[in-house]
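Next come the chains, spelled out residue by residue.
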Amino acid sequence: MVTAAQQQTASAPDASRTFPKGFLWGTATASYQIEGAAAEDGRTPSIWDTYARTPGRVRNGDTGDIATDHYHRWREDVALMAQLGVGAYRFSLAWPRIQPTGRGPAVQKGLDFYRRLADELLAQGIRPVATLYHWDLPQELEDAGGWPERATAERFAEYAALAADALGDRVKTWTTLNEPWCSAFLGYGSGVHAPGRTDPVAALRAAHHLNLGHGLAVQALRDRLPADAQCSVTLNIHHVRPLTGSEADADAVRRIDALANRVFTGPMLRGAYPEDLFADTASLTDWSFVQDGDLKAAHQPLDFLGVNYYSPTLVSRADGSGTHNSDGHGNSAHSPWPGADEVAFHQPPGDTTAMGWAIDPSGLHELLLRLSSDFPELPLVITENGAAFPDYADPEGNVNDPDRIAYLRGHLAAVHEAIKDGADVRGYFLWSLLDNFEWAHGYSKRFGAVYVDYPTGTRIPKASAHWYAEVARTGVLPGA
């Protein structure tokens, strides 16, 4: 049932809202979460294979070995997208499927899978949008040091070149990294994501080499792609709010904004790290791993910025309340926030999703306006937005998910309002096409517009899928 509070936040007055002509409607997935076929056609383990197979890391001992078996059922999944009427599909390439050791020539069987996928998408009138990296680093590169090492950024650029050479005639829209904050700070700081390391300095080093790898990859893509190809990066920009109006809480916002957002937007979009980030983390590192030329390399022209949004972040000066390591992805004795021990995190008020994340569309509206103000020359695309709820198929085989419809209506209304207020937002990708492996939560959380019965692999479009299909078809967001 949709609660009264959800109804209040989910819809503004009854007038329908029409999105601009040409607005791109899409859906999204990630390779490790859906593909399966973990050891087929030359694919070798990624850090997520290793992490998931380590006892105690993932709920119920779940792994992505089979996932939703998209590697074998991709044609069925593209047909589902065609039924939804979406104009674009954002998927990620599995680095260890294309370049199993992270070095050397590509495996043609791996590339052939993505060639077939892109060809089928194009045949159905769906734009393929490829993400080079959605967290599945080849394990051999992690064994050599992973993202805290400069060499990984260099290997990433070589991998980008292989992908562009193979797919550049089919794929015209490219994203380098998905949510590098998670890769750096959850993977190497709190350890709740692969590779599960808990070293705050390694997390900062990883953030820098992800910035560098992004820039080197954009250079490699530009050198090989047609002139009309688009390059981007996707960031999970944290919309950080203070608990109170105090100066101490305002400083807490500043600290987390530096660690969550400006650590990436600074180098990638401005060509410099924020000085307050250096000051906040001076007790941990002198940042001597930043070499001459790195920031120039990281700062490459982009065609749009991908924005992932789920929920706002509420912080205060630590006073004994709240928690010190909030990230929304798992519990750890280690913080993903190096240099921010004086900051406490609080649960925002209101209804929540099955992930425990607050449902607050106003945060998306405010975030889009902030990004438009900070980077007015850069178009924005919502590359992920969605929600997990405890979905189930009824005896007739239907999956009714009114809470997800309310969530989507509210957040799309926020996007429409931001456009009306001047934000240059060009598209929206629903997360996710399918229920899938939700990282450390395993298969316990369902984000999909399409329900997956995991024992059989059967796909059932949920009520929200039909609702979203109508919005994508008409470009009109109906009132509640």
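Residues numbered from 1 in each chain as written. Predicted model: local features only at pLDDT ≥ 70, side-chain atom pairs only at ≥ 80, totals over all residues. Heavy atoms only, no water.

Where an unreviewed UniProt entry is consulted, the protein appears under the name Beta-glucosidase, with the organism given as Streptomyces flavalbus.

Participant: Describe the sheet that holds strand β11 (residues 380-385), listing the residues and the values that go with them.
Facilitator: Strands sit in the order β2-β3-β4-β5-β6-β8-β11-β12 around a closed barrel of eight strands; the barrel is parallel. Averaged over all adjacent pairs, the angle separating strand axes in this sheet is 25 degrees, with direction ignored. Sheet topology note: the β11/strand β12 (residues 425-431) ladder contains four bridges and is parallel. Counterpart to I382 in the pairing with β12 is Y428. (Pairing = 2+ DSSP bridges. Helix = DSSP H or I, 4+ residues; strand = E, 2+ residues; numbered from the N terminus. Axes fitted to C-alpha atoms, helices over the stretch in contact; angles between N-to-C directions.)

Participant: Report on the nonpolar core, specifying residues and quantitative values.
Facilitator: Ranked by size, the top nonpolar core spans 152 residues in total, and within it W48, L93, L132, W174, F185, V415 and Y428 carry the most contacts. The contact partners of Y428, leaving out residues within four places of it in the chain, are F23, L24, W25, G26, I382, N385, L408, L412, V415 and Y468. (Core = buried A, V, L, I, M, F, W, Y, C linked by side-chain atoms within 4.5 Å. Buried < 20%, exposed > 50% of the residue type's maximum accessible area, 1.4 Å probe, protein only. Contact = heavy atoms within 4.5 Å.)

Participant: How would you sum up the pairing of strand β2 (residues 24-28)? Please name residues and give values.
Facilitator: Burial of β2 is extensive: five of the five residues sit out of reach of the surface. Taking every second residue as pointing to the same face, both faces of β2 are buried, with L24, G26 and A28 on one and W25 and T27 on the other. In this structure, β2 lies alongside β12, joined through five bridges in parallel fashion. Its bridge partner lying in β12, L24 is registered against G427. Two elements, β2 and strand β3 (residues 88-92), share three bridges in a ladder whose sense is parallel.

Participant: Outline the pairing of β11, supporting the account with residue identities and numerical values.
Facilitator: Most of β11 sits out of view: six of its six residues are buried. Bridge count for strand β8 (residues 304-308) against β11 is four bridges, and the pairing is parallel. Each bridged residue has a counterpart across the sheet, and for V307 the counterpart in β11 is I382. Handedness of the crossover joining β11 and β12 through helix α15 (residues 402-420): right-handed. (Right-handed = clockwise from strand over helix to strand, strands pointing away.)

Participant: Can you lay out the UniProt feature "active site" (unreviewed entry) in the protein for me, pointing to particular residues and giving the numbers?
Facilitator: Using the residue numbers shown here, the UniProt feature "active site" (unreviewed entry) corresponds to E384. Checked against the element boundaries, E384 lands in strand β11. Setting aside residues no more than four positions away along its own chain, E384 makes contact with R90, H134, N178, E179, V307, N308, Y309, Y310, F429 and W431. Polar contacts involving the side chain of E384 include one to the side chain of R90, which spans 3.3 Å. (UniProt positions renumbered as here; feature names shortened; annotations may be inferred. Polar contact = N/O pair within 3.5 Å; in protein donor to acceptor, adjacent residues only side chain to side chain.)

Participant: With reference to specific residues and values, describe the sheet that holds strand β10 (residues 343-346).
Facilitator: A sheet is described by the order of its strands in space; here three strands give the open sequence β7-β9-β10, paired in mixed fashion. In the strand order of this sheet, the two ends are held by β7 (240-242) and β10, each with one partner. For this sheet, the mean angle separating the axes of adjacent strands, direction not counted, is 40 degrees. Here β7 pairs with strand β9 (residues 313-317) via three bridges, running parallel. Bridging across to β9, P242 finds its partner in V315. On top of the sheet, helix α11 (residues 247-270) reaches β7, β9 and β10; it is set at about 130 degrees to β9, its chief contact.

Participant: Explain the packing of aromatic side chains to me, using residue names and the numbers behind them.
Facilitator: Evaluation of the coordinates by the stated rule reveals 37 aromatic pairs. Between F91 and Y114 the ring centres are 6.4 Å apart and the planes differ by 10 degrees, which places this aromatic pair in the stacked class. With F91 in strand β3 and Y114 in helix α6 (residues 108-123), this pair connects stretches of sequence that are 23 residues apart. Both residues of the pair, F91 and Y114, belong to the buried class. Following the ring pairs from residue to residue traces out a cluster consisting of Y32, W48, Y51, W135, F437, W439, Y443 and Y454. (Phe/Tyr/Trp six-rings, centres within 6.5 Å; stacked < 30°, edge-to-face > 60°.)

Participant: I'd like a rundown of the environment of E158, residues and numbers included.
Facilitator: Summarising the element assignment, E158 is placed in helix α8 (residues 150-167). A relative accessible area of 36% means that E158 is categorised as partly exposed. Along the backbone, E158 and G104 are 54 residues apart, and their C-alpha atoms lie at a distance of 8.5 Å.

Participant: Explain helix α16 (residues 463-474) to me, and be specific about the residues and the numbers.
Facilitator: For α16, which comprises 12 residues, the first-to-last C-alpha distance of 17 Å matches the rise-based estimate of 16 Å (1.5 Å per residue) to within 8%. When α16 is considered as a whole, its buried residues turn out to be S464, A465, W467, Y468, A469, V471 and A472. Where α16 is buried, its residues contact β2, α4 (70-84), α15, β12, β14 (458-461) and β15 (476-477). Following α16 by one or two positions, G475 adopts a phi angle in the positive range, close to 70 degrees. (Expected span 1.5 Å × (residues − 1).)

Participant: Tell me about the environment of W135, residues and numbers included.
Facilitator: Relative to the elements of secondary structure, W135 occurs in the loop between β4 (127-133) and α7 (139-143). Distance in space between the C-alpha atoms of W135 and G102 is 13 Å, their sequence separation being 33 residues. Every residue in contact with W135, bar those within four places of it in the chain, is listed here: I47, W48, N178, E179, C182, S183, H193 and W439. Here the side chain of W135 touches N178 through a polar contact of 2.8 Å, landing on its backbone oxygen.

Participant: Explain unusual backbone geometry to me, and be specific about the residues and the numbers.
Facilitator: Note the cis peptide between A194 and P195, where omega equals 10 degrees. Tracing the sequence through the fold places P195 in the loop between α9 (180-190) and α10 (200-224). In the Ramachandran plot, A37 falls in the positive-phi region, its phi being about 50 degrees despite a non-glycine side chain. By the secondary structure assignment, A37 is in the loop between α2 (31-34) and α3 (47-52). In this structure, W439 is a non-glycine residue whose phi angle is positive, near 50 degrees. Here W439 lies in the loop between β12 and β13 (450-453). With relative accessibility at 4%, the residue W439 sits in the buried group.

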